[in-house]
Amino acid sequence: MTGTRDVLILGGGIIGCAIAHRLAKEGVSVTLVERGEIGREASWAAGGILTPVHLAEYPTPLASLCLAGMPLYEPFVKELGESSKEDLQFRTCGMLITCRDEGGEKEARHLEAWKHEHHLPAERLTREEALRLEPGLSPEIRSALLLPDIAQIRNNRLTRAVADAARRRGARILPRTRFTAFITSRDRVTGARTAVGDLAAGTVILATGAWSGEWSKELGFPVPVRPVKGQILLAQASPGFCRHIVLESGSYLVPRVDGRLLIGSTVEEAGFDTTVTLDAVHHLSGRAASMMPAARALPLIGSWAGLRPATPDRLPLLGRTPVEGLLLATGHFRNGILLAPITAEIVTDLVHGRTPAVDLRPFDPVRKMPE
Ligand SMILES: Cc1cc2nc3c(=O)[nH]c(=O)nc-3n(C[C@H](O)[C@H](O)[C@H](O)COP(=O)(O)OP(=O)(O)OC[C@H]3O[C@@H](n4cnc5c(N)ncnc54)[C@H](O)[C@@H]3O)c2cc1C
């Protein structure tokens, strides 16, 4: 074996890297292996919206986890910013949820009530008020809900920045290093076989996102994570074309400071396929033009697909497993960018034998799941 470390992290997406950074900050010796480049899978492909899109509809434990995670973001990014070369563009741009019919307005009223119950800001706007705030919106909307506290980040740069910060704190980050098997000794995981040899560790953390389910058989318990494909388009607008994240009936526009406009996203059961389809280009560009008519004329400058790590009950798998020495931190589905800092806090507590502030029972990796 090539040297024993306290912790070995499998998977270099935002979840694995945030954990590596947090542990290294506490002086834990950490190795992370990533089979490709750091943060080039779901964590790169995401929209970077730092709130769940349908928060009021979430199962309560997941909504609570998201609410607990949101305030951790700014300090997390500030800490990276002090040493990072990357311009992460974390900014509270606010979100406008536009409504066209009674059904949309009913949902907006429900979310508004939920937000107020949780002491979070939400303001109903008339059609005229919404158009004053975001003049490019379709004049066909009936009203909108403004969520002024919603933030976004350039997630395609974030994971790399987190990995760099972890390295500076002493973590060993190994890109292009696939792990191929767990090493066990008397029902305990003691390391992993990797492309650079066997790596031993006191604790091993599985954070391989949509690929986590592949290990069920070897581990002897189900890791019920499956890939859910999401396609996104990127258009070039001028800065200020759109100022808020705009959400309508599940589709969203995310404006970056340089004018780039993300148009998202599809939600597809397509296995590990990451091709961009003409069907999705047609659907997403149609949705963008419907939300902001001038978007119709924007040049399309990019498109991609990523794989969300989904679980049957939409909750992540977070915590200890029946196999001693092995923790799971996966299955973050549509919220992994948002949930990275709080996941890192929780896992760090577990590694140190501390009780996390969050009740982990709903996220138990071997909980009963719906079929
Ligand atoms: C289209 C889309 C939009 C999204 N929008 C948002 C959003 O706005 N906000 C939000 O919070 N979340 C969003 N998400 C969800 C978010 O992207 C994911 O929840 C998050 O990125 C999961 O992070 P991860 O580290 O678990 O997975 P990943 O980023 O996929 O990382 C897992 C890593 O494990 C590596 N790996 C797998 N097998 C091995 C192996 N054998 N050896 C070594 N390495 C291995 C992979 O190469 C990969 O890099 C979106 C996702 C998609 C696809």
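The structure displayed is predicted, hence computed values, not measured ones. (Residues numbered from 1 in each chain as written. Predicted model: local features only at pLDDT ≥ 70, side-chain atom pairs only at ≥ 80, totals over all residues. Heavy atoms only, no water.)

So, the site of the ligand
Piece 1. In the neighbourhood of the ligand, 38 residues make up the surrounding shell, with Glu34, Ser43, Ile49, Phe333 and Leu338 lying closest.
Piece 2. Of all the secondary-structure elements, those providing two or more residues to the shell around the ligand are helix H1 (14-25), helix H2 (42-45), strand E10 (226-236), strand E14 (300-310) and helix H10 (336-351).
Piece 3. Each of domain 1 (4-68 + 155-224 + 312-363) and domain 2 (93-149 + 227-310) contributes no fewer than three residues to the shell around the ligand. (Near = heavy atom within 4 Å. Helix = DSSP H or I, 4+ residues; strand = E, 2+ residues; numbered from the N terminus. Domains from an automatic or database assignment.)

Notes on the domain arrangement of the chain
Piece 1. Taken domain by domain, the chain consists of domain 1 (4-68 + 155-224 + 312-363) and domain 2 (93-149 + 227-310).
Piece 2. In this structure, domain 1 and domain 2 have C-alpha centres spaced 29 Å apart.
Piece 3. Listed per partner, the contact involves 24 residues of domain 1 and 27 residues of domain 2.
Piece 4. Both faces considered, domain 1 and domain 2 share a buried interface measuring about 2100 Å² in area, 70% of it formed by carbon and sulfur atoms.
Piece 5. Along the contact surface separating domain 1 from domain 2 lie zero salt bridges. (Contact = heavy atoms within 4.5 Å. Buried area = accessible area lost by both parts, 1.4 Å probe. Salt bridge = Lys/Arg side-chain N within 4 Å of Asp/Glu carboxyl O.)

Some details on the side chain of threonine 208
Piece 1. Locating threonine 208 in the fold gives a position in the loop between strand E9 (197-206) and helix H8 (216-219).
Piece 2. Side chain to side chain, threonine 208 and serine 212 meet in a polar contact 3.1 Å long.
Piece 3. Apart from the residues within four sequence positions on either side, threonine 208 is in contact with Leu10, Gly11, Phe179 and Trp215. (Polar contact = N/O pair within 3.5 Å; in protein donor to acceptor, adjacent residues only side chain to side chain.)

Here we look at the environment of valine 196
Piece 1. On the secondary structure map, valine 196 appears in the loop between strand E8 (188-194) and E9.
Piece 2. The spacing of valine 196 and phenylalanine 179 is 17 residues in sequence and 8.9 Å in space, taken between C-alpha atoms.

Looking at the packing of aromatic side chains
Piece 1. Under the counting rule described, the total for this entry stands at seven aromatic pairs.
Piece 2. One aromatic cluster is present, built from ring pairs that chain together Tyr73, Phe76 and Phe90.
Piece 3. Between the NZ or CZ atom of arginine 40 and the centre of the ring of tryptophan 44, over which it lies, the distance is 4.5 Å.
Piece 4. Stacked on the ring of tyrosine 58, the Lys or Arg arginine 314 has its end atom at 5.3 Å from the ring centre. (Phe/Tyr/Trp six-rings, centres within 6.5 Å; stacked < 30°, edge-to-face > 60°. Lys NZ or Arg CZ within 6 Å of the ring centre and 35° of its normal.)

Describing the packing of helix H3 (residues 60-69) against H10
Piece 1. At a minimum axis separation of 8 Å, H3 and H10 run at an interaxial angle of 90°. By the angle class used here, H3 and H10 are roughly perpendicular. Here H3 contributes Leu62, Leu65, Cys66, Ala68 and Gly69 to the contact with H10, which in turn contributes Leu338, Leu339, Ile342 and Ile346.
Piece 2. The residue makeup of the contact of H3 with H10, split by class, is eight nonpolar, one polar and no charged. (Axes fitted to C-alpha atoms, helices over the stretch in contact; angles between N-to-C directions. Parallel < 35°, antiparallel > 145°, perpendicular 65-115°, else oblique. Nonpolar A, V, L, I, M, F, W, Y, C, P; charged D, E, K, R; others polar.)

A word on the packing of helix H4 (residues 73-81) against helix H7 (residues 155-168)
When two helices pack together, their arrangement is given by the angle between the helix axes and the distance between those axes.
Piece 1. Remark: H4 packs on H7, axes separated minimally by 10 Å, with the N-to-C direction vectors making an angle of 65°. The two elements H4 and H7 meet at a crossing, and its hand is left-handed. Taking contact as the criterion, the partners of Tyr73, Phe76 and Leu80 in H4 are, on H7, Leu158, Ala161, Val162 and Ala165.
Piece 2. In the contact of H4 with H7, the residues fall into seven nonpolar, no polar and no charged. (Left-handed = near helix turned anticlockwise from the far one by under 90°.)

A few points about the sheet that holds strand E11 (residues 245-248)
Piece 1. Strand order in this open sheet of eight strands is E4-E5-E3-E11-E12-E13-E10-E14, and the pairing throughout is mixed. In the strand order of this sheet, the two ends are held by strand E4 (123-126) and E14, each with one partner. With direction set aside, neighbouring strand axes in the sheet form an average angle of 25°.
Piece 2. Against the sheet, helix H5 (residues 102-117) engages strand E3 (95-99), E4 and strand E5 (143-147), with an angle of about 25° to E5.
Piece 3. In this fold helix H9 (residues 278-291) packs onto E10, E11, strand E12 (251-255), strand E13 (260-264) and E14, with an angle of close to 55° to the strand it touches most, E10. (Pairing = 2+ DSSP bridges.)

What to know about the side chain of glutamine 89
Piece 1. Mapped onto the elements, glutamine 89 comes out in the loop between H4 and E3.
Piece 2. Looking at glutamine 89, the relative accessible area reads 16%, which means it is buried.
Piece 3. Reaching out from glutamine 89, the side chain makes a polar contact with the side chain of aspartate 87 at a distance of 3.2 Å. (Buried < 20%, exposed > 50% of the residue type's maximum accessible area, 1.4 Å probe, protein only.)

Some words on the pattern of salt bridges
Piece 1. Evaluated as defined, the whole model comprises 24 salt bridges.
Piece 2. The partner of arginine 188 in a salt bridge is glutamate 324, with the nearest N and O atoms 2.8 Å apart. Of the two residues, arginine 188 sits in strand E8 while glutamate 324 sits in the loop between strand E15 (317-320) and strand E16 (326-330), which places them 136 residues apart along the sequence.
Piece 3. Residue glutamate 324 is classed as exposed on the basis of its relative accessible area, which comes to 51%.

Structural notes on the pairing of E16
Piece 1. Burial analysis of E16 places five of its five residues in the buried class, the great majority of the element.
Piece 2. Of the two faces of E16, the one holding Leu326, Leu328 and Thr330 and the one holding Leu327 and Ala329 are both buried throughout.
Piece 3. Note: E15 against E16, four bridges, orientation antiparallel. From the neighbouring strand, glycine 319 faces E16, where its bridge partner is leucine 328.
Piece 4. In this structure, the hairpin formed by E15 and E16 is closed by a connection of five residues, where glycine 325 is found at a positive phi of approximately 85°.

Considerations on the environment of lysine 115
Piece 1. Mapped onto the elements of the fold, lysine 115 is located in helix H5.
Piece 2. Separated by 132 residues in the primary sequence, lysine 115 and leucine 247 place their C-alpha atoms 16 Å from one another.
Piece 3. If sequence neighbours within four positions are ignored, lysine 115 has contacts with Leu55, Leu120, Pro121, Ala122, Leu147 and Ile150.

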